[in-house]
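# Observations on the model geometry
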Amino acid sequence: MAETRYRVEALIQLGVYTILGIAAARYVYALDGLFFLIASWVFIFVTLAGGWPYSPPLGSLNGSLYRRGLFMTSLTLAASLATYTASTYLLGGRNLQYMVVLLLWIVAVWGVVFDSWPLRHLPPSRAFILGSLTSISLSLVLGVIAANLVGYELLLRFMLVHLALSFMFSRFFVFQGYPFYRKLFRQPRAGVSIMLLCMAAAAFLSLLITPDRFPAAAFFSSMLLWSVVYSWGLGFPGTVGYKQPLRGLLSALVIVVISAAWFSTLLQLLQEALIAVLNLLIILPLMVIHNLFWFRRPFSPPLLMGMPFHNRDGAGKLMDWALQVVD
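Attention here is on the structure that accompanies the text. (Residues numbered from 1 in each chain as written. Predicted model: local features only at pLDDT ≥ 70, side-chain atom pairs only at ≥ 80, totals over all residues. Heavy atoms only, no water.)

## Let's talk about the pattern of salt bridges
The tally for this structure, following the rule as stated, stands at four salt bridges. Salt bridges sharing common partners tie together Arg5, Glu9 and Arg296. (Salt bridge = Lys/Arg side-chain N within 4 Å of Asp/Glu carboxyl O.)

Okay, structure coming up:
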C-alpha cells in the first residue's frame, strides 16, 4: 500500500513538472547556459557534497523543513547565478556553451558513476569545496579545448548518449552497478569501467545517428530521465521482485519503450531541442530539488538513490541509510 501511494505521488510529481516544463521550455532554452549551471549545482550539492549543508543523505536535518528547503534552493540558485556571471565575463559566447555542457557532464559522471569517489571519504563541507572547484576548473579548461576541436551539437549529443547509458549501469539506477560492482567491487575501478565502455558506445552512436534521421537529443534525454524516474522515482514497478541482471534487462526494456512513447508524444508539442531542455534542465532538476531539498513535501518522505522502500519512513531511517551508504 505504501509503495502504491509512493508511486502515485511520483506520477503526480512528474505530471506537474511536465506541464510546467512544457510551458517554460522556450524561456529556459533562451537561457540554457544558466539552467545547465543550475542542473550542475544540483548534482554538486546532492552527490559530490552528499546533501551538505541541509539535505539528505549527509546534510543536517535539524530545524524547519521548509527553512532548509528554501535555503538549499536559494543556495543552488545563487551559486548558479554567480558561476554564470563569472563564466560569461571570462569566456562568453561559444566557449561558455561548451563549458556549461561539460560541467554538467563532469559532475553527473563523478557523482553518479563514480559515487563521488574519493570525495565521499571526506567531510561533506570539504567535499563540496574540492568537488566544486575541481569540476568548474576542469570544465573551463576542457570547454576551451573542445570549442576548437568538436562541434557543439555533436558534443551535446555525445553527452546525452553517454549520460543515458552511464546512468543505466550506475549503482543507483537500472542495472544497479551490475556487473561492474560484482566483478570490480570498489571505486574507482567500477566507475572507470562504466565510463569508458559507455564513452565508446556513445562515440559510436553519436557519429552513427544523424539528427535529420533520428531525434537523438529527444530520445536519449528521455531515456536518461526515465532511467531516474523508473528506478528512483517509481522504485522499479513490476521488476523490483527480480534479481540483477534480469531486473536490469527487464527495466531497460520498459524504459526504452516508455522513452520512445514519451518523446514521440512530446514531439507533437515541442521541437527536439526543447524536449531535451524539458527532460534534462527542467524535470530532472525539479525532481531532485523537490525530493531532497524539500523532502518531497507535501508527499511522503523520499527514497534516497539506491534505497529500498522499507527504509524510507522518516528522517531517522534516512540518516541510518546514509550512514550505511558511507560505510
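## Structural notes on unusual backbone geometry
Trans is the common state for peptide bonds, and a negative phi is the common state for residues other than glycine. Residues Trp52 and Pro53 are joined by a peptide bond in cis, for which omega reads 5°. The residue after Tyr178, namely Pro179, is reached through a cis peptide bond having omega 0°. Positive phi is not limited to glycine here, since Asp115 has a value of about 55°. Phi is positive for Gln176, close to 50°, though the residue is something other than glycine. Looking at the secondary structure, you find Gln176 in the loop between helix H6 (152-169) and helix H7 (180-184). What makes Gln176 partly exposed here is its relative accessible area of 26%. (Helix = DSSP H or I, 4+ residues; strand = E, 2+ residues; numbered from the N terminus. Buried < 20%, exposed > 50% of the residue type's maximum accessible area, 1.4 Å probe, protein only.)

## As for the environment of Phe35
Take Phe35: it is sitting in helix H2 (residues 32-48). Looking at Phe35, the relative accessible area reads 22%, which means it is partly exposed. Phe35 sits 65 residues away from Val100 along the chain, and the two C-alpha atoms are 9.0 Å apart. The contact partners of Phe35, leaving out residues within four places of it in the chain, are Val28 and Leu281. (Contact = heavy atoms within 4.5 Å.)

## Details of the environment of Ile194
In this fold, Ile194 is placed in helix H8 (residues 189-208). If we ignore the near neighbours within four places in the chain, the residues touching Ile194 are Val113, Ser166, Phe169, Ser170, Phe180 and Tyr181.

## Let's talk about empty space enclosed by the protein
By the definition in use, this model includes three cavities of 30 Å³ or more. Within this model, the largest cavity holds a volume of roughly 60 Å³. Taken together, Val42, Phe43, Val46, Thr47, Phe167, Phe173, Val228, Leu284, Val288 and Met305 make up the lining of the largest cavity. When residues of the lining of the largest cavity are traced back to their parent elements, those giving at least two are H2 and helix H11 (272-293). Per-element tally for the lining of the largest cavity: the top contributor is H2, with four residues. Lining the second largest cavity, in full, are Ala10, Gln13, Leu14, Tyr17, Val229, Gly233 and Met287. At the level of elements, helix H1 (2-30) and helix H9 (216-233) are the ones that each hand at least two residues to the lining of the second largest cavity. At four residues, the largest contribution of residues to the lining of the second largest cavity is made by H1. Classifying every residue of the lining of the second largest cavity by side-chain character gives five nonpolar, two polar and no charged. (1 Å grid on protein atoms, 1.4 Å probe; cavity = no way out; pocket = protein on both sides within 12 Å on 5 of 7 lines; lining within 4 Å. Points joined across faces, edges and corners; volume = space filled by probe spheres on them. Nonpolar A, V, L, I, M, F, W, Y, C, P; charged D, E, K, R; others polar.)

Just distances and angles here, no functional claims.
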